[in-house]
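So the chains spell out like this:
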Amino acid sequence: AERGEATTLLVPCAECLEKDCFNQVFMETHVLQAACVPGCFMNLCGQGVEIKDASVSTHLGFSEHRTCEVLQTECMFDYGSSFR
(Lines give C-alpha, C1' and ligand atoms only; values in the text may rest on other atoms or scores of the structure.)
Protein backbone atom coordinates (compact mmCIF):
# COMPACT_ATOMS: atom_id res chain seq x y z
CA ALA A 1 0.00 0.00 0.00
CA GLU A 2 2.87 2.38 0.71
CA ARG A 3 4.29 2.02 -2.79
CA GLY A 4 1.11 0.98 -4.55
CA GLU A 5 1.25 -2.77 -3.96
CA ALA A 6 -2.22 -4.30 -3.81
CA THR A 7 -1.05 -7.79 -2.78
CA THR A 8 1.70 -8.75 -0.36
CA LEU A 9 2.91 -12.29 0.34
CA LEU A 10 4.54 -12.99 3.69
CA VAL A 11 7.03 -15.86 3.63
CA PRO A 12 8.28 -16.93 7.07
CA CYS A 13 11.93 -17.93 7.43
CA ALA A 14 12.66 -21.66 7.55
CA GLU A 15 13.54 -21.59 11.26
CA CYS A 16 10.04 -20.28 12.10
CA LEU A 17 8.10 -22.96 10.25
CA GLU A 18 6.61 -26.07 11.74
CA LYS A 19 6.94 -29.21 9.70
CA ASP A 20 3.22 -29.80 8.98
CA CYS A 21 1.91 -26.23 8.93
CA PHE A 22 1.28 -25.75 5.20
CA ASN A 23 -2.50 -25.96 5.06
CA GLN A 24 -5.09 -23.68 3.48
CA VAL A 25 -5.49 -21.48 6.59
CA PHE A 26 -1.72 -21.00 6.83
CA MET A 27 -1.57 -19.87 3.22
CA GLU A 28 -4.60 -17.56 3.51
CA THR A 29 -3.08 -15.98 6.63
CA HIS A 30 0.06 -15.00 4.69
CA VAL A 31 -1.61 -13.47 1.59
CA LEU A 32 -2.34 -9.80 2.28
CA GLN A 33 -4.55 -7.33 0.43
CA ALA A 34 -3.97 -3.59 0.85
CA ALA A 35 -6.52 -1.75 3.01
CA CYS A 36 -7.59 1.89 2.60
CA VAL A 37 -5.16 3.00 5.34
CA PRO A 38 -1.53 3.20 4.14
CA GLY A 39 0.58 0.39 5.59
CA CYS A 40 -2.45 -1.65 6.71
CA PHE A 41 -3.44 -4.94 5.13
CA MET A 42 -6.09 -7.62 5.52
CA ASN A 43 -5.30 -11.28 4.99
CA LEU A 44 -7.66 -13.72 3.30
CA CYS A 45 -8.92 -14.82 6.75
CA GLY A 46 -10.14 -11.29 7.53
CA GLN A 47 -7.36 -10.45 9.99
CA GLY A 48 -5.45 -7.16 9.96
CA VAL A 49 -1.72 -6.49 9.96
CA GLU A 50 0.41 -3.38 9.71
CA ILE A 51 3.66 -3.19 7.77
CA LYS A 52 5.81 -0.33 8.98
CA ASP A 53 9.50 0.20 8.23
CA ALA A 54 11.08 -3.25 8.54
CA SER A 55 8.42 -4.98 10.66
CA VAL A 56 5.01 -6.64 10.40
CA SER A 57 2.62 -6.41 13.37
CA THR A 58 -0.57 -8.40 13.90
CA HIS A 59 -3.69 -6.46 14.88
CA LEU A 60 -7.38 -7.06 14.22
CA GLY A 61 -8.58 -10.66 14.59
CA PHE A 62 -5.38 -12.28 15.88
CA SER A 63 -5.44 -14.03 19.27
CA GLU A 64 -2.02 -12.61 20.16
CA HIS A 65 -0.05 -9.55 19.17
CA ARG A 66 3.21 -10.29 17.36
CA THR A 67 5.77 -8.08 15.66
CA CYS A 68 8.12 -9.77 13.20
CA GLU A 69 11.18 -8.36 11.46
CA VAL A 70 11.12 -8.18 7.66
CA LEU A 71 14.38 -9.75 6.47
CA GLN A 72 13.98 -9.16 2.72
CA THR A 73 11.53 -7.60 0.27
CA GLU A 74 11.10 -8.16 -3.44
CA CYS A 75 8.65 -6.73 -5.96
CA MET A 76 7.22 -8.71 -8.86
CA PHE A 77 5.05 -7.47 -11.69
CA ASP A 78 2.51 -9.41 -13.74
CA TYR A 79 0.59 -7.60 -16.48
CA GLY A 80 0.21 -4.37 -14.54
CA SER A 81 -0.36 -5.96 -11.12
CA SER A 82 2.26 -5.42 -8.45
CA PHE A 83 3.16 -7.98 -5.79
CA ARG A 84 5.53 -7.38 -2.89
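Residues numbered from 1 in each chain as written. Predicted model: local features only at pLDDT ≥ 70, side-chain atom pairs only at ≥ 80, totals over all residues. Heavy atoms only, no water.

Remarks on the packing of aromatic side chains
Taken as a whole, this structure holds 1 aromatic pair when the rule is applied. Aromatic pair Phe-22 and Phe-26: ring centres 5.1 Å apart, planes at 80°, arrangement edge-to-face. Judged by relative accessible area, which is 53%, Phe-22 ranks as exposed. (Phe/Tyr/Trp six-rings, centres within 6.5 Å; stacked < 30°, edge-to-face > 60°. Buried < 20%, exposed > 50% of the residue type's maximum accessible area, 1.4 Å probe, protein only.)

Comments concerning the pairing of strand 5 (residues 55-58)
Residues of strand 5 alternate between two faces, with Ser-55 and Ser-57 on one and Val-56 and Thr-58 on the opposite face, all of them buried. Of the strand pairs in this sheet, strand 4 (residues 48-52) and strand 5 are connected by 4 bridges, and their pairing is antiparallel. Bridge pairing in strand 5 places Lys-52 opposite Ser-55. Hairpin connection, strand 4 to strand 5: the antiparallel pair is bridged by 2 residues, and Asp-53 has positive phi, about 55°. By the bridge criterion, 3 bridges tie strand 5 to strand 6 (residues 67-69) in an arrangement that is antiparallel. In the strand pairing of strand 6, Ser-57 is matched with Thr-67. (Helix = DSSP H or I, 4+ residues; strand = E, 2+ residues; numbered from the N terminus. Pairing = 2+ DSSP bridges.)

Some details on the pairing of strand 4
Sheet topology places strand 3 (residues 40-43) next to strand 4; 3 bridges connect them, and they run antiparallel. Opposite Cys-40, over in strand 4, you have Glu-50 as the bridge partner. Here strand 3 folds back onto strand 4, and the loop between the two strands holds 4 residues, one of which, Gly-46, carries a positive phi near 85°.

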